[in-house]
Amino acid sequence: MISNYTTKNWEHQIRHFDLIEKVSKGIFLFLLTFCSTMSIQAQDTFTSVKSGNYSDPATWGTTELPTAADDVVVSTGNTITLDGDFTANNVIIDGKIEASTSSFEYTVKGDLVLSTSGLFIGNYYVDYGNYGFYKGMKLTVSGSILNDGRIDLSLGETNDGNGVLKLNGTLLQTISGTGRFGGVITATDNSNTRSVINQLEIDNTSTATPNIVWEFNNIRIKSILTLTNARVNLFSNKMTIGNYDGATTNVSTGSGFLSGTIGKWYRKDQNFEPLIP
């Protein structure tokens, strides 16, 4: 059978298909918006429910692990062992995070907050049976640090990534708090670990001056201070290069300290590089 369509029939069909197209577009836009919203909301907060390895989902009371997009909270009384290299967004430590021989770097893309009970122990012992030694890992933070607890990166040598605090933000970073850095040994030789950071690296790409606000006093840099893109406001605080022994400074042009007091321990073979941008 041959069907004949009048112009009115065709106009009806066109309007019908046009309505279908508009509805389809509306559904597509809704799905696109919904998926985009779901993507934005994909960031979760993982809170520890017991002590254990960072890589164990049971530590977080879930079947998954924190990703680089997720926030992490270490609960009071929990000790979380870094059994690998991990990245998180914002990190709050009310308990303890500790390094192991399997951990080389922990990266915080956002802010790092330690409460008065919070501990980050970035040192670990390498045991070779008849001898051993302590090493340190790298803690990289892109946001600010509020340290009301203790961050210990006091041990390590001059190797890359060995006992390092690295600040690599793109905006102003503030290092503040009522806690402290380093270990618990107080001495007047290089066995001292109190208020010690083995290596401090600053490479902040913000063009602001200052781009680092450092509010801790009497910090000692044991091995290496590296300022690549760093204009540091110490206020009236003091930072000492060397822990009762000589240390190395690597300072790029335009980097340095805007205020405060800088002390430096020398070995006989060392020169003092400029530390003012």
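Above this text is the structure in question.
Residues numbered from 1 in each chain as written. Predicted model: local features only at pLDDT ≥ 70, side-chain atom pairs only at ≥ 80, totals over all residues. Heavy atoms only, no water.

K.L.:
What exactly am I supposed to notice about a nonpolar patch on the surface here?
P.N.:
A contiguous nonpolar surface patch, about 340 Å² in accessible area, is contributed by Y128, Y131 and F133. Structurally, the position occupied by Y128 is in the loop between β11 (123-127) and β12 (132-136). (Patch = residues over 30% accessible without salt bridge, like charges linked within 9 Å, V, L, I, M, F, W, Y side chains within 5 Å. Areas by Shrake-Rupley, 256 points an atom, 1.4 Å probe, with all protein chains shown as cover. Salt bridge = Lys/Arg side-chain N within 4 Å of Asp/Glu carboxyl O. Helix = DSSP H or I, 4+ residues; strand = E, 2+ residues; numbered from the N terminus.)

K.L.:
Quick question: what am I supposed to make of the nonpolar core here?
P.N.:
Most often, soluble globular proteins keep nonpolar side chains buried together rather than apart. One finds Y106, L112, F120, L139, L165 and W214 to be the most contacted residues of the largest nonpolar core, which totals 47 residues. Among the elements that take part in this core, strand β21 (residues 219-229) stands out by supplying four residues, more than any other. Setting aside residues up to four positions removed in sequence, L139 forms contacts with Y106, V108, L112, F120, I151, L153, V164, L165 and K166. (Core = buried A, V, L, I, M, F, W, Y, C linked by side-chain atoms within 4.5 Å. Buried < 20%, exposed > 50% of the residue type's maximum accessible area, 1.4 Å probe, protein only. Contact = heavy atoms within 4.5 Å.)

K.L.:
Just to check I follow, could you spell out the sheet that holds strand β22 (residues 231-233) for this structure?
P.N.:
Neighbouring strands of a sheet are bound in pairs by backbone hydrogen bonds; such pairs are parallel or else antiparallel. Strand order across the open sheet formed by nine strands is β1-β3-β6-β9-β14-β17-β20-β22-β25, with parallel pairing between neighbours. With one partner strand each, in any of the chains shown, β1 (45-47) and β25 (256-257) form the two edges of the open sheet. Pairing of strand β3 (residues 71-74) with strand β6 (residues 91-93), which is carried by three bridges, proceeds in the parallel orientation. For V74, the partnering residue across the bridge sits in β6 and is I93. (Pairing = 2+ DSSP bridges.)

K.L.:
Explanation requested: the pattern of salt bridges in the structure shown.
P.N.:
Enumeration according to the criterion identifies two salt bridges in this entry. Between E98 and K96 there is a salt bridge whose closest N-O contact spans 3.6 Å. Owing to a relative accessible area of 24%, E98 belongs among the partly exposed residues under this scheme. Residue K96 is classed as partly exposed on the basis of its relative accessible area, which comes to 25%. As a salt-bridge pair, D152 and R150 come within 3.5 Å of each other at their nearest N and O atoms.

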